[in-house]
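Architecture at a glance
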Amino acid sequence: MAAEGGGKEMNEIKTQFTTREGVYKLLTHSEYSRPNRVPFNSQGSNPVKVSFVNVNDQSGNGDRICFNVGRELYFYIYKGVRKAADLSKPIDKRIYKGTQPTCHDFNPLTATAESVSLLVGFSAGQVQLIDPIKKETSKLFNEERLIDKSRVTCVRWVPGSESLFLVAHSSGSMYLYNVENTCGTTAPHYQLLKQGENYAVHTCKSKSARNPLLRWTVGEGALNEFAFSPDGKFLACASQDGFLRVFGFDAAELHGTMKSYFGGLLCVCWSPDGRYIVAGGEDDLVTVWSFSDCRVIARGHGHKSWVSVVAFDHCTTSVEDGDPPAEFSGSDEDFHEQIHFGAGRDRANSAHSRLSKRNSTDSRPVSVTYRFGSVGQDTQLCLWDLTEDILFPHLPLSRTRTHTNVMSATSPPATGQTTTTTTTSSTTTTTTTVSATNPSGTNGKDNASNSSTSGNPANSLPNTLPRSNSLPHSSNPTGGSTPNSHTGSSSNSSSSTKGNSIIDSAFIATGVSKFATLSLHDSRKERHEKDHKRNHSMGHISSKSSDKLNQLSSSRTTKAEVAKTLGTTLCPRMEDVPLLEPLVCKKIAHERLTVLIFLEDCLVTACQEGFVCTWARPGKVGLLSSQNNPANSPSGTVV
């Protein structure tokens with residue numbers, strides 16, 4: 001593993017990074033993998049996934065971890081920052097033939113020190129219920145593949161239930177199961193229950209109780225991931241057709257939708273209070289969607305390839321009591337009079353309990369800053385802060401914001417902007433004081449070009465706009481369409497770093513005309529995807545199947561369809577919403593990243609080589625200092 005610090009080599013792997021709360025450090029002795037610690041050959045394999053459960057062990061070491069690598073499934077005691085991992089003693093290990101595990105989920109309601117219920121989905125479409133503590137296999141669902149023959153993409157227990165679980169497939173269907181029911185010996189027959197725009201819900205017609213209870217058909221193409229809201233009442237679905245769809249789960253009613261900038265959506269998560277949803281996918285962006293307003297409120301650009309996982313950090317979300325500003329409208333409080341997200345099913349933490357204050361009708365709102373993270377196929381970890389100037393753009397900016405660039409089209413004319421960049425050996429910090437924004441969203445292109453194309457001659461930023469470390473800019477100062485060259489520089493390079501990204505294409509396209517440059521956009525997208533194939537791994541699909549998928553996606557998403565959604569509330573243009581910069585953007589693995597989980601004293605990542613890494617939060621690293629075991633180090637020596 002490469003040394004710490006801020007070297008410029010592309011392949012340097014970071015072992016620590018710094019945020020405002022302190023230094024996060026990689027704990028090499030808390031790394032989980034296959035017992036032989038040999039990197040897994042991931043070609044053609046399904047993504048490595050990780051699941052956690054706490055069994056309330058009296059010893060105080062109740063965390064358990066499950067992860068899949070290829071055809072293998074492992075179950076260990078997770079010691080986190082407390083003790084070094086002992087890979088020689090898995091509680092359970094399973095090797096499957098003819099199929100591979102693709103995803104899994106524990107039921108926290110039934111977990112004890114003597115028994116846990118673990119659901120495992122497989123590439124051939126089956127779902128298995130196992131108890132890795134008792135080393136038992138309870139049931140196998142869809143055993144004959146009569147319900148669905150496609151790969152299981154996501155499996156989750158229904159919040160608050162000991163017996164119901166939901167399974168998504170690459171066919172685009174979801175199925176609701178009951179562990180007490182059988183699946184039958186014949187293919188199920190369905191009856192339409194509810195139908196809406198691009199979705200339908202069917203019940204299973206049967207004289208006796210059998211699985212599945214319900215079948216959801218959502219969008220076109222694979223349903224890549226779904227996530228329940230913290231209170232379990234709503235379901236967010238990320239699909240290969242690029243749409244985020246949010247449903248009321250019990251009523252099976254569509255609450256709202258969002259469209260990716262382009263390509264499929266691969267991942268989705270909820271904020272701890274259920275107010276916001278973040279999605280990521282093939283447009284290399286993270287998109288923040290407001291549940292109450294049903295609209296995109298921000299996008300984040302920091303990844304150089306597909307975003308595979310997004311997750312909120314419930315421990316770092318900061319909440320401060322404060323007097324309501326004079327211009328506060330109270331719309332968020334009005335919304336939460338109708339929908340209140342309780343803390344009963346969420347992790348117990350002070351941030352969440354204080355967030356509930358904001359859900360009340362008290363005239364004294366609280367100031368909230370949300371922290372979320374993302375990992376991608378570019379092997380990079382990004383951390384993001386969602387702050388008041390993004391959440392409430394109608395309020396005056398009260399203080400300096402960090403790593404936030406606001407480009408709202410409704411903001412007043414530009415009067416200036418000051419950017420200070422400080423680079424250290426382990427991190428790059430950019431503090432941007434925003435006193436005005438760029439309504440045209442052209443990021444400092446020539447004013448004359450903006451005047452002739454966008455019709456906003458008076459509200460354009462000067463072409464001497466300072467460049468931040470993550471925002472793309474045209475390399476042509478005259479506002480022409482000359483693309484930037486792909487330099488492949490790391491995220492903590494200087495502020496003038498250029499990248500051949502889709503964001504550049506977006507700004508160029510919108511700076512020239514509305515739809516005339518869609519062909520240019522498409523061609524640059526194809527070249528960008530070729531760069532992905534050449535420089536990064538492309539998920540669990542082979543290059544041939546990837547080409548077929550791209551051809552299928554392009555045939556479905558015509559230019560006319562793109563033109564229908566681009567510029568609407570479903571998919572705002574890049575200049576119509578704030579563009580976030582990552583607080584941290586670090587390369588932390590050699591292979592694509594597939595896992596990001598925030599725990600109380602650490603965060604956990606995993607890559608496709610099969611290594612599950614623990615990053616101690618600031619102040620927590622000392623817990624392991626006296627527990628180092630040389631035998632557990634990959635090189636046999638203490639680092």
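Only a predicted model underlies this, so the values are computations on that prediction, with no experimental measurement involved. (Residues numbered from 1 in each chain as written. Predicted model: local features only at pLDDT ≥ 70, side-chain atom pairs only at ≥ 80, totals over all residues. Heavy atoms only, no water.)

Here's the deal with the overall build of the protein chain
- From N to C terminus, the protein chain includes 8 helices and 37 strands.
- For the protein chain, with 639 residues in total, the buried portion stands at 57%. (Helix = DSSP H or I, 4+ residues; strand = E, 2+ residues; numbered from the N terminus. Buried < 20%, exposed > 50% of the residue type's maximum accessible area, 1.4 Å probe, protein only.)

A closer look at the sheet that holds strand β13 (residues 173–178)
- Ordered by their spatial adjacency, 6 strands build an open sheet running β11-β12-β13-β16-β15-β14, and the pairing between neighbours is antiparallel. Edge strands, defined here as strands with exactly one partner in the open sheet, are β11 (152–157) and β14 (189–196). Neighbouring strand axes in the sheet, compared pairwise and without regard to direction, differ in orientation by 20° on average.
- Note that β13 and strand β16 (residues 214–218) share 4 bridges and pair antiparallel. Note on β16: the bridge partner recorded for Met174 is Trp216. (Pairing = 2+ DSSP bridges. Axes fitted to C-alpha atoms, helices over the stretch in contact; angles between N-to-C directions.)

Quick look at unusual backbone geometry
- Note that the residue after Asn211, namely Pro212, is joined by a cis bond; omega there is -5°.
- Take Pro212: it is sitting in the loop between β15 (199–205) and β16.
- Phi is positive for Arg145, which is not a glycine, with a value near 60°.
- As for its placement among the helices and strands, Arg145 is situated in the loop between β10 (136–141) and β11.
- For Arg145, a relative accessible area of 30% puts it in the partly exposed group.
- For Asn198, which is not glycine, the phi torsion reads 60° and is therefore positive.
- Structurally, Asn198 can be placed in the loop between β14 and β15.

Some words on the pattern of salt bridges
- Under the criterion given, the structure shown has 15 salt bridges.
- Close ionic contact of Arg82 with Asp63 constitutes a salt bridge, the shortest N to O distance being 3.9 Å. Pair noted here: Arg82 is in the loop between β5 (72–77) and β6 (92–95) and Asp63 is in strand β4 (residues 63–69), with a separation of 19 residues, a long-range link.
- When its relative accessible area of 29% is taken as the criterion, Arg82 is described as partly exposed.
- Arg156 is the partner of Glu225 in a salt bridge, and the nearest nitrogen-oxygen pair spans 3.9 Å. Of this pair, Glu225 sits in strand β17 (residues 223–228) while Arg156 sits in strand β11, and the two are 69 residues apart along the sequence.
- Overall, Glu225 belongs to the buried group, its relative accessible area being 18%.
- Judged by relative accessible area, which is 26%, Arg156 ranks as partly exposed. (Salt bridge = Lys/Arg side-chain N within 4 Å of Asp/Glu carboxyl O.)

Quick look at the confidence of the model for the protein chain
- Overall, the predicted model of the protein chain reaches an average pLDDT of 74, with 61% of residues at or above 70.
- Here residues 1–7 is a poorly scored stretch, pLDDT under 50, and it has 22 contacts once near neighbours within four places are set aside; other chains count.
- Low pLDDT, under 50, characterises residues 322–354; the stretch is placed with 65 contacts to residues that sit more than four places away or in other chains. (pLDDT = per-residue confidence, 0-100. Contact = heavy atoms within 4.5 Å.)

With respect to the sheet that holds β17
- Spatially, β17-β18-β19-β20 is the arrangement adopted by the 4 strands of the open sheet, whose pairing is antiparallel. Pairing within the sheet leaves two strands with one partner each, and these edge strands are β17 and β20 (253–259). With strand direction ignored, the average angle separating the axes of adjacent strands in the sheet is 20°.
- Pairing of strand β19 (residues 243–248) with β20, which is carried by 6 bridges, proceeds in the antiparallel orientation. Of the residues in β20, the one forming a bridge with Phe247 is Leu254.

A short note on the packing of aromatic side chains
- Enumeration over the complete set of coordinates arrives at 25 aromatic pairs.
- Measuring from centroid to centroid gives 5.1 Å for Phe165 and Tyr177, while their planes differ by 0°, and the two rings are stacked. In this pair, Phe165 sits in strand β12 (residues 164–169) while Tyr177 sits in strand β13, placing the two residues 12 residues apart along the sequence. The residues Phe165 and Tyr177 share a single accessibility class, namely buried.
- Seen in terms of ring centroids, Phe234 and Phe291 are 4.7 Å apart; in terms of plane orientation they differ by 70°. Their pairing is edge-to-face. Of this pair, Phe234 sits in strand β18 (residues 234–239) while Phe291 sits in the loop between β23 (285–290) and β24 (295–301), placing them 57 residues apart in sequence.
- When its relative accessible area of 13% is taken as the criterion, Phe234 is described as buried.
- Since its relative accessible area comes to 0%, Phe291 is described here as buried.
- Connected via pairs of aromatic rings, a cluster forms that spans Tyr32, Phe52, Phe67, Tyr74, Tyr76 and Tyr78.
- Its guanidinium or amino end placed over the ring of Tyr190, Arg215 lies 4.2 Å from that ring's centre, counting from NZ or CZ.
- Lying across the ring of Phe243, Lys259 places its NZ or CZ 5.9 Å from the centre. (Phe/Tyr/Trp six-rings, centres within 6.5 Å; stacked < 30°, edge-to-face > 60°. Lys NZ or Arg CZ within 6 Å of the ring centre and 35° of its normal.)

Observations concerning the environment of Ala124
- Residue placement: Ala124 occurs in the loop between β8 (118–122) and β9 (127–131).
- With 24 residues separating them along the chain, Ala124 and Gln100 place their C-alpha atoms 7.7 Å apart.
- Discounting chain neighbours no more than four positions away, the residues touching Ala124 are Thr99, Arg145, Asp148, Lys149 and Ser150.

Some remarks on the nonpolar core
- Core analysis: the largest hydrophobic core is formed by 23 residues, its most contacted members being Tyr32, Val50, Ile65 and Phe67.
- Put simply, the parts of the chain that give this core at least two residues each are β2 (22–32), β3 (50–54), β4, β5, β35 (593–598), β36 (602–607) and β37 (612–616).
- Not counting residues within four places of it along the chain, the set of residues in contact with Ile65 comprises Tyr32, Val50, Ser51, Phe52, Tyr74, Phe75, Tyr76, Tyr78 and Val612.
- If you look at the next biggest cluster of nonpolar residues, it comprises 22 residues, including Trp384, Ile390, Leu391 and Cys585. (Core = buried A, V, L, I, M, F, W, Y, C linked by side-chain atoms within 4.5 Å.)

Focus on the state of the cysteines
- Evaluation of the coordinates by the stated rule reveals 0 disulfides.
- Distance from the sulfur of Cys269, which forms no disulfide, to the nearest cysteine sulfur (Cys267) is 7.6 Å.
- Taking relative accessible area as the criterion, Cys269 reaches 9% and is therefore assigned buried.
- Here Cys607 is not cross-linked by a disulfide; its sulfur's nearest cysteine counterpart is in Cys613, at 6.4 Å. (Disulfide = S-S within 2.5 Å.)

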